[in-house]
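So the chains spell out like this:
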Amino acid sequence: MGSATEDGSAQAPVWVFGYGSLIWRPDFPFLERRPATVTGWARRFWQGSHDHRGVPDAPGRVVTLVPAPGETCIGMAYRIEHAVFDHLDYREKNGYERVAVSLTLDGTEIADGVVYIAPVGNHAFLGDAPMEEMARQIRRSAGPSGNNVDYLVELADALRALGARDAHVFALERAVLEN
Ligand code: SIN
(Lines give C-alpha, C1' and ligand atoms only; values in the text may rest on other atoms or scores of the structure.)
Protein backbone atom coordinates (compact mmCIF):
# COMPACT_ATOMS: atom_id res chain seq x y z
CA MET A 1 0.00 0.00 0.00
CA GLY A 2 1.03 3.66 -0.19
CA SER A 3 0.49 6.62 -2.45
CA ALA A 4 2.14 6.73 -5.87
CA THR A 5 5.29 8.72 -6.62
CA GLU A 6 5.99 10.40 -9.98
CA ASP A 7 7.61 7.25 -11.36
CA GLY A 8 4.58 5.22 -10.31
CA SER A 9 6.23 3.39 -7.40
CA ALA A 10 4.48 3.31 -4.03
CA GLN A 11 5.55 5.61 -1.18
CA ALA A 12 5.87 3.62 2.00
CA PRO A 13 3.72 4.58 5.00
CA VAL A 14 5.45 6.84 7.54
CA TRP A 15 5.46 6.99 11.35
CA VAL A 16 4.40 10.40 12.68
CA PHE A 17 5.11 11.17 16.35
CA GLY A 18 2.46 13.25 18.12
CA TYR A 19 3.25 14.90 21.46
CA GLY A 20 0.47 17.52 21.73
CA SER A 21 -3.03 17.56 20.31
CA LEU A 22 -2.01 14.82 17.89
CA ILE A 23 -2.03 12.44 20.89
CA TRP A 24 -5.67 13.01 21.81
CA ARG A 25 -7.24 14.45 18.66
CA PRO A 26 -6.19 12.30 15.70
CA ASP A 27 -8.59 13.65 13.05
CA PHE A 28 -6.91 11.73 10.23
CA PRO A 29 -6.81 8.12 9.02
CA PHE A 30 -3.98 5.94 10.28
CA LEU A 31 -2.91 2.34 9.75
CA GLU A 32 -1.61 1.75 13.26
CA ARG A 33 -1.08 3.69 16.50
CA ARG A 34 1.49 2.92 19.20
CA PRO A 35 2.83 4.75 22.29
CA ALA A 36 6.31 6.04 21.50
CA THR A 37 9.16 8.19 22.75
CA VAL A 38 11.75 10.51 21.26
CA THR A 39 15.02 11.24 23.02
CA GLY A 40 16.77 14.61 23.20
CA TRP A 41 13.55 16.66 23.16
CA ALA A 42 11.27 18.18 25.82
CA ARG A 43 7.63 19.28 25.47
CA ARG A 44 7.05 22.95 26.31
CA PHE A 45 4.05 25.34 26.10
CA TRP A 46 6.20 27.84 24.26
CA GLN A 47 4.42 28.09 20.89
CA GLY A 48 1.79 30.73 20.13
CA SER A 49 -1.52 29.56 18.67
CA HIS A 50 -3.24 32.14 16.47
CA ASP A 51 -5.36 29.63 14.55
CA HIS A 52 -6.51 26.89 16.96
CA ARG A 53 -6.49 27.97 20.65
CA GLY A 54 -6.21 31.71 20.17
CA VAL A 55 -6.74 34.38 17.54
CA PRO A 56 -4.25 36.65 15.73
CA ASP A 57 -4.62 39.51 18.25
CA ALA A 58 -4.67 37.21 21.30
CA PRO A 59 -2.71 34.00 20.72
CA GLY A 60 -3.01 31.04 23.03
CA ARG A 61 -0.18 28.76 24.12
CA VAL A 62 0.39 25.25 22.74
CA VAL A 63 3.26 22.80 22.82
CA THR A 64 6.37 22.43 20.75
CA LEU A 65 9.49 20.37 21.33
CA VAL A 66 12.73 22.04 22.35
CA PRO A 67 16.17 20.41 22.33
CA ALA A 68 16.90 18.77 25.71
CA PRO A 69 19.92 16.48 25.69
CA GLY A 70 19.29 13.28 27.65
CA GLU A 71 15.55 13.85 28.11
CA THR A 72 12.84 11.58 26.76
CA CYS A 73 9.42 12.77 25.58
CA ILE A 74 6.45 10.39 25.53
CA GLY A 75 3.74 10.62 22.88
CA MET A 76 1.81 8.60 20.35
CA ALA A 77 3.09 7.42 16.98
CA TYR A 78 0.75 6.91 14.02
CA ARG A 79 1.63 5.03 10.85
CA ILE A 80 0.05 7.00 8.03
CA GLU A 81 -0.13 6.99 4.26
CA HIS A 82 1.85 9.77 2.62
CA ALA A 83 -1.30 11.53 1.37
CA VAL A 84 -2.27 12.32 4.99
CA PHE A 85 0.54 14.89 5.15
CA ASP A 86 -1.61 17.33 3.14
CA HIS A 87 -4.03 17.43 6.09
CA LEU A 88 -1.34 17.46 8.80
CA ASP A 89 0.75 20.16 7.10
CA TYR A 90 -2.35 22.37 7.04
CA ARG A 91 -3.33 21.60 10.63
CA GLU A 92 0.22 22.31 11.89
CA LYS A 93 0.84 25.31 9.63
CA ASN A 94 1.37 27.96 12.33
CA GLY A 95 5.14 27.67 12.65
CA TYR A 96 5.62 23.90 12.69
CA GLU A 97 8.02 22.06 10.39
CA ARG A 98 8.38 18.35 9.69
CA VAL A 99 11.59 17.03 11.30
CA ALA A 100 13.02 13.52 10.87
CA VAL A 101 13.42 11.67 14.18
CA SER A 102 14.22 8.26 15.53
CA LEU A 103 11.28 6.84 17.53
CA THR A 104 11.12 4.10 20.10
CA LEU A 105 7.80 2.28 19.73
CA ASP A 106 6.31 0.63 22.84
CA GLY A 107 9.63 1.11 24.63
CA THR A 108 11.36 -1.50 22.50
CA GLU A 109 11.33 -1.09 18.73
CA ILE A 110 13.35 1.64 16.98
CA ALA A 111 11.81 3.20 13.86
CA ASP A 112 12.38 6.23 11.65
CA GLY A 113 9.64 8.82 11.78
CA VAL A 114 8.76 12.48 11.53
CA VAL A 115 7.53 14.98 14.08
CA TYR A 116 6.06 18.48 13.71
CA ILE A 117 8.28 20.90 15.64
CA ALA A 118 7.85 24.68 15.89
CA PRO A 119 11.49 25.76 16.12
CA VAL A 120 12.78 28.49 18.43
CA GLY A 121 12.36 31.83 16.66
CA ASN A 122 9.52 30.88 14.28
CA HIS A 123 6.99 33.69 13.65
CA ALA A 124 4.59 32.36 16.32
CA PHE A 125 7.21 31.38 18.94
CA LEU A 126 6.55 32.80 22.43
CA GLY A 127 9.23 31.04 24.46
CA ASP A 128 9.43 30.62 28.20
CA ALA A 129 7.64 32.85 30.74
CA PRO A 130 6.89 32.64 34.46
CA MET A 131 4.44 29.79 35.18
CA GLU A 132 1.72 32.14 36.45
CA GLU A 133 1.97 34.30 33.32
CA MET A 134 1.65 31.27 31.03
CA ALA A 135 -1.30 30.06 33.13
CA ARG A 136 -3.07 33.44 32.81
CA GLN A 137 -2.60 33.46 29.03
CA ILE A 138 -4.01 29.91 28.76
CA ARG A 139 -7.00 30.75 31.00
CA ARG A 140 -8.09 33.69 28.87
CA SER A 141 -7.40 32.25 25.37
CA ALA A 142 -9.76 30.58 22.92
CA GLY A 143 -9.86 30.06 19.17
CA PRO A 144 -11.58 28.12 16.39
CA SER A 145 -10.59 24.74 17.90
CA GLY A 146 -11.81 25.65 21.41
CA ASN A 147 -10.52 26.87 24.75
CA ASN A 148 -6.84 26.85 25.51
CA VAL A 149 -7.60 25.36 28.96
CA ASP A 150 -9.23 22.34 27.29
CA TYR A 151 -6.12 21.80 25.14
CA LEU A 152 -3.95 21.73 28.28
CA VAL A 153 -6.28 19.48 30.30
CA GLU A 154 -6.87 17.04 27.41
CA LEU A 155 -3.11 16.81 26.93
CA ALA A 156 -2.46 16.26 30.65
CA ASP A 157 -5.16 13.54 30.76
CA ALA A 158 -3.69 11.83 27.70
CA LEU A 159 -0.21 11.93 29.26
CA ARG A 160 -1.52 10.41 32.51
CA ALA A 161 -3.14 7.63 30.45
CA LEU A 162 0.27 6.99 28.86
CA GLY A 163 1.93 6.92 32.28
CA ALA A 164 4.06 9.93 31.41
CA ARG A 165 5.93 12.02 33.93
CA ASP A 166 5.92 15.53 32.50
CA ALA A 167 6.66 18.07 35.23
CA HIS A 168 6.17 21.07 32.93
CA VAL A 169 2.70 20.08 31.69
CA PHE A 170 1.43 18.95 35.11
CA ALA A 171 2.73 22.08 36.87
CA LEU A 172 1.04 24.27 34.28
CA GLU A 173 -2.21 22.33 34.66
CA ARG A 174 -2.11 22.88 38.44
CA ALA A 175 -1.38 26.58 37.96
CA VAL A 176 -4.31 26.96 35.54
CA LEU A 177 -6.87 24.97 37.53
CA GLU A 178 -5.98 25.98 41.08
CA ASN A 179 -6.01 29.75 40.68
C1 SIN B 1 1.70 17.50 18.06
O2 SIN B 1 0.67 17.25 18.67
O3 SIN B 1 2.52 16.57 17.78
C4 SIN B 1 2.04 18.86 17.58
C5 SIN B 1 1.49 19.98 18.40
C6 SIN B 1 -0.01 20.07 18.42
O7 SIN B 1 -0.63 19.98 17.36
O8 SIN B 1 -0.58 20.25 19.50
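What counts, and where the lines are drawn
Every chain's residues receive numbers from 1 upward, in the order its sequence appears when written. In keeping with the model being predicted, local features are shown solely for residues with a pLDDT of at least 70 and side-chain atom pairs are shown and tallied solely at 80 or more, while totals for entire chains, interfaces and linings include all residues. Derived side-chain values reflect all non-hydrogen atoms in the structure, with water molecules and hydrogen atoms excluded from consideration. Throughout this description, the term salt bridge denotes a Lys or Arg side-chain nitrogen within 4 Å of a carboxyl oxygen of Asp or Glu. Secondary structure elements are taken from DSSP: a helix is a run of H or I of four residues or more, a strand is a run of E of two residues or more, and numbering for both begins at the N terminus. Using a 1.4 Å probe on the protein chains alone, a residue whose accessible area is under 20% of its type maximum counts as buried, one over 50% counts as exposed, and one in between counts as partly exposed. Only the stretch in contact is used when a helix axis is fitted, and all axes are lines through C-alpha atoms; the angle between N-to-C directions ranges over 0 to 180 degrees. Angle categories: roughly parallel below 35 degrees, roughly antiparallel above 145, roughly perpendicular from 65 to 115, and oblique for all the rest. Crossing handedness is defined as follows: a turn of the near helix away from the far one that is anticlockwise and smaller than a right angle gives a left-handed crossing, while the clockwise case is right-handed. Two residues form a contact once any of their heavy atoms are found within 4.5 Å. Each residue is assigned to one class: nonpolar for Ala, Val, Leu, Ile, Met, Phe, Trp, Tyr, Cys and Pro, charged for Asp, Glu, Lys and Arg, and polar for all the others, Gly among them. The arc in question is traced by the directions running from the helix axis to the C-beta atoms. We treat two strands as partners when DSSP finds at least two bridges between them.

Colleague: Lay out the pattern of salt bridges in plain terms, naming residues and giving numbers.
Modeller: This structure, assessed with the given rule, holds 13 salt bridges. Note that Lys93 and Asp51 form a salt bridge whose closest N and O atoms lie 3.2 Å from each other. Of this pair, Lys93 sits in the loop between α2 (85–91) and β4 (97–105) while Asp51 sits in the loop between β2 (32–49) and β3 (60–80), and the two are 42 residues apart along the sequence. When its relative accessible area of 42% is taken as the criterion, Lys93 is described as partly exposed. Through salt bridges that share partners, Glu32, Arg34, Arg79, Asp106 and Glu109 make up one connected network.

Colleague: I'd like a rundown of the packing of helix α3 (residues 131–140) against helix α5 (residues 167–178), residues and numbers included.
Modeller: For any two helices packed against each other, the geometry is given by the interaxial angle and the distance between the axes. The geometry of α3 relative to α5 is characterised by a closest axis approach of 9 Å and an angle of 65° between their N-to-C directions. The orientation of α3 with respect to α5, classified from their angle, is roughly perpendicular. Here α3 runs over α5; the crossing is right-handed. On α5, the residues that touch Met131, Glu132, Met134, Ala135, Ile138 and Arg139 of α3 are His168, Ala171, Leu172, Ala175 and Val176. Looking at the contact of α3 with α5, its residues break down into 8 nonpolar, 1 polar and 2 charged.

Colleague: Break down the side chain of Thr104 for me, with residues and values.
Modeller: Structurally, the position occupied by Thr104 is in strand β4. Overall, Thr104 belongs to the buried group, its relative accessible area being 17%. In contact with Thr104, other than residues within four places in its own chain, are Pro35, Ala36, Thr37, Glu109 and Ile110.

Colleague: An account of α3 is requested, with residue identities and associated values reported.
Modeller: For the α-helix, the turn length of 3.6 residues means that residues three or four positions removed from each other point alike. Every buried residue of α3 is listed here: Met134, Ala135, Gln137 and Ile138. Angularly, the buried residues of α3 cover 160° about the axis, an arc narrow enough to put them on a single face. On its buried side, α3 packs onto β2, β3, α4 (148–161) and α5.

Colleague: Could you give me a rundown of the sheet that holds strand β5 (residues 109–117), with the residues and numbers involved?
Modeller: Reading around the circumference, β1-β3-β2-β4-β5 is the order of the 5 strands in this closed barrel, with mixed pairing throughout. Recorded for the sheet is a direction-independent mean angle of 45° between the axes of neighbouring strands. Both strand β1 (residues 14–18) and β5 contribute to a ladder of 3 bridges, which runs parallel. Within the sheet, the bridge partner assigned to Trp15 lies in β5 and is Gly113. Relative to β3, α3 is tilted by about 35°, and along the sheet it contacts β2 and β3.

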